[in-house]
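Coordinate analysis (summary)
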Amino acid sequence: MNTRGLRSQLKDSVPVAGFCPQGAYGVQDTLRSGFTSVKNELLPSHPLEISEKNFQLNQDKMNFSTLRNIQGLHAPLKLQMEYRAARQIQRLPFLQSSHLALDTLRGSDESIGFEDILNDPAQSEVMGEPHMMVEYKLGML
Amino acid sequence: MATLTASRPSLGGFSFENCKRNGLLEGEANKVGCSLPAARKTGTTICGVTFKDGVVLGADTRATEGMVVADKNCSKIHYISPNIYCCGAGTAADTEMTTQLISSNLELHALSTGRLPRVATANRMLKQMLFRYQGYIGAALVLGGVDCNGPHLYSIYPHGSTDKLPYVTMGSGSLAAMAVFEDRYKPEMEEDDAKRLVRDAIAAGIFNDLGSGSNIDLCVITKGKVDYIRPHDEANKKGVRTGDYKYKRGTTGVLTKLVTPLNLDLVEESIQTMDTS
């Protein structure tokens, strides 16, 4: 159900901008992102950027709160426990994992969206640095 | 640290990386005086009408890119499911991708439920997707089909609002087509009357709107049968040249004729094989 308005999604969601310059050697990539300014870093580059980044999060939040109102607190708690368990079934962070269990739980194994067609992470041109990604995942970074 | 951004895995879907750069480029281009190229739109006339046993959808076939006709015979009636078809106006790529996405989703849904999909399902999926992208996906659609509850016709706007009506028109030629509908629509028409009405409405759009043109496509959907008539009517045929600039032999009178033979001797003959693979 997509009934929540755009503004309400801005308040309780994850901020987008990374406070570090992106590009080789930590230098600002002027060709891609233009000249630096604090305003550029804080504000999203497109009105849809924030809402798209947090879409899945907000959907889950909304579904869980509806479920809590209908069936009581145990229902979202049990579901979240299952989600947490299913999310752990994956390969190392720099490899592509299929997230089959998580998809089946969510019901997104029976639907296609733009995230399946555009920008497939398996076909991306850049690869994450494996050591960094594993350290980040384990919280050592 | 610069490496932090590389340590998060990338997700699929839309990427907004180049938005700032595009904004900057557009500002620079406007300062110099030129403008960035426009997306290909289907300045269009599309319409649909419900009749006694089903739905008739109609569309013109011109696709424009700014002030130039990009495609003289494009197909604007898209397949969604065996009993549901959708006409698309707006940005051509957006309508194409949107209808294909919804068609795939509907097929998966039908496999999961085991039933023929309903038009209301397609409508709900389309409106939720278009609202999610807040109108940035420029697709205005006329969705029509016949399911277990009878014939249905919906119009869907780029921001996600929908209307369920007996007759709808969309696109730049929608006012011309709607004028024809408002004049001659009657409830519970016969199939031939409905086809003639849709043909006339699209023709009104073609002749009175610059963004619509070329031929008229029709799609008649009834219970168990779909008739995709492309083209139903070639309203604008390309003209045939009436004159010819070639002159016949003898047009110019011949005064004198002088023939000089050139005597050439064969000096050397050599054979080279050609690679004709």
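Residues numbered from 1 in each chain as written. Chains lettered and ligands numbered in written order. Predicted model: local features only at pLDDT ≥ 70, side-chain atom pairs only at ≥ 80, totals over all residues. Heavy atoms only, no water.

As annotated in an unreviewed UniProt entry, chain B carries the name Proteasome subunit beta and is attributed to Parambassis ranga. Heading Catalytic activity (unreviewed entry) of the UniProt record for chain B holds this comment: "Cleavage of peptide bonds with very broad specificity." The record held by UniProt for chain B lists under Subunit (unreviewed entry) the comment "Component of the proteasome complex." (UniProt positions renumbered as here; feature names shortened; annotations may be inferred.)

In the annotation of an unreviewed UniProt entry, chain A is listed under the name Proteasome maturation protein and assigned to Parambassis ranga. The annotation that UniProt attaches to chain A under Sequence similarities (unreviewed entry) is "Belongs to the POMP/UMP1 family."

Below, the discussion takes up the overall build of chain B. When helices and strands are tallied, chain B shows five helices and 13 strands. On C-alpha atoms alone, chain B measures out to a radius of gyration of 28 Å, which is more than a quarter above the 19 Å that the 2.2 N^0.38 rule sets for 277 residues. Projected onto the principal axes, the alpha-carbon positions of chain B cover approximately 90 × 70 × 50 Å. In chain B, of all internal contacts separated by at least 6 residues, the share reaching a separation of at least 24 is 60%. Summing over all exposed atoms, chain B offers an accessible surface of approximately 16,900 Å²; the carbon and sulfur share of this is 53%. Looking at charge distribution, chain B has the averaged site of its 31 positive side-chain charges lying 3 Å from that of its 30 negative ones. (Helix = DSSP H or I, 4+ residues; strand = E, 2+ residues; numbered from the N terminus. Rg over C-alpha atoms; globule rule 2.2 N^0.38 Å. Contact = heavy atoms within 4.5 Å. Areas by Shrake-Rupley, 256 points an atom, 1.4 Å probe, with all protein chains shown as cover. Lys, Arg positive; Asp, Glu negative; His and termini not counted. Charge placed at Lys NZ, Arg CZ, Asp CG, Glu CD.)

Turning next to the sheet that holds strand 13 (residues 225-233) of chain B. All names here are of chain B. Here we have five strands laid out as an open sheet, ordered 11-2-3-12-13, and antiparallel in their pairing. The strands lining the two open edges of the sheet, one partner per strand, are strand 11 (167-170) and strand 13. Taken pair by pair, the neighbouring strands of this sheet meet at an average axis angle of 10°, ignoring direction. Pairing between strand 2 (residues 46-50) and strand 3 (residues 54-60): five bridges, direction antiparallel. Looking at the pairing, G48 lines up with L57 of strand 3. Along the sheet, helix 5 (residues 191-208) makes contact with strand 2, strand 3, strand 12 (216-222) and strand 13, crossing strand 3 at roughly 25°. (Pairing = 2+ DSSP bridges. Axes fitted to C-alpha atoms, helices over the stretch in contact; angles between N-to-C directions.)

Within the largest apolar cluster, 22 residues are counted, with the highest numbers of intra-cluster contacts made by V49(B), V56(B), F181(B), M189(B), L197(B) and V198(B). Considering every element that reaches this core, the biggest residue donor is helix 5 of chain B, with eight residues. Those residues in contact with M189(B) that sit more than four places away from it in its chain are V49(B), F51(B), K52(B), A194(B) and L197(B). By size, the runner-up hydrophobic cluster in this structure holds 21 residues, among which are L48(A), L101(B), A139(B) and L143(B). (Core = buried A, V, L, I, M, F, W, Y, C linked by side-chain atoms within 4.5 Å. Buried < 20%, exposed > 50% of the residue type's maximum accessible area, 1.4 Å probe, protein only.)

Another aspect to go through is the side chain of T98(B). Residue and element names in this part refer to chain B. Position of T98 relative to the elements: it lies in helix 2 (residues 92-113). Residue T98 is classed as buried on the basis of its relative accessible area, which comes to 1%. Here D94 takes part through its backbone oxygen, which lies 2.5 Å from a polar atom of the side chain of T98. Excluding residues that lie within four positions of it along the chain, T98 makes contacts with L126, M129, I137 and A139. (Polar contact = N/O pair within 3.5 Å; in protein donor to acceptor, adjacent residues only side chain to side chain.)

So, on to unusual backbone geometry. Excluding glycine, a negative phi dihedral is what most residues carry, and trans is how most peptide bonds are arranged. Residue R230(B) is joined to P231(B) through a cis peptide bond whose omega torsion reads -5°. If you trace the backbone, P231(B) turns up in strand 13. Even without being glycine, H99(A) reaches a positive phi, approximately 55°. With respect to the element layout, H99(A) can be found in the loop between helix 6 (74-87) and helix 7 (100-106). Look at E188(B): it is not a glycine, yet its phi comes out positive at around 55°. Counting through the fold element by element, E188(B) comes out in the loop between helix 4 (174-184) and helix 5.

Further remarks concern the pairing of strand 9 (residues 150-156) of chain B. Residue and element names in this part refer to chain B. Across the seven residues of strand 9, six count as buried, placing the element largely inside the fold. Across seven bridges, the pairing between strand 8 (residues 139-147) and strand 9 is antiparallel. The residue bridging V146 from the neighbouring strand is P151, located in strand 9. Once strand 8 ends, the chain turns through two residues before running back antiparallel as strand 9. Relative to strand 10 (residues 162-164), strand 9 runs antiparallel, the two being bridged by three bridges. When the bridges of strand 10 are listed, I156 appears paired with T162. Counting the residues between successive antiparallel strands, the hairpin from strand 9 to strand 10 contains five residues, one of them, G160, with a positive phi of roughly 115°.

Scanning the entire structure with this criterion turns up eleven salt bridges over all chains. Of the charged contacts in the structure, one is a salt bridge between R132(B) and E52(A), with a shortest N-O distance of 3.0 Å. With R132(B) in helix 3 (residues 119-132) and E52(A) in helix 4 (residues 47-53), this pair bridges two chains. A salt bridge links R199(B) to D200(B); the nearest nitrogen and oxygen atoms lie 2.9 Å apart. (Salt bridge = Lys/Arg side-chain N within 4 Å of Asp/Glu carboxyl O.)

Residue and element names in this part refer to chain B. Across its 14 residues, helix 3 extends 20 Å between first and last C-alpha, which sits within 8% of the 20 Å expected from 1.5 Å per residue. Burial in helix 3 covers these residues: V119, A122, N123, L126, M129, L130 and R132. Looking one or two residues beyond helix 3, the residue adopting positive phi is Q134, at roughly 50°. (Expected span 1.5 Å × (residues − 1).)

All names here are of chain A. Looking at where F94 falls in the secondary structure, it is placed in the loop between helix 6 and helix 7. In this structure F94 comes out as partly exposed when scored by relative accessible area, which is 28%. Residues F94 and L105, spaced eleven residues apart in sequence, show a C-alpha to C-alpha distance of 24 Å.

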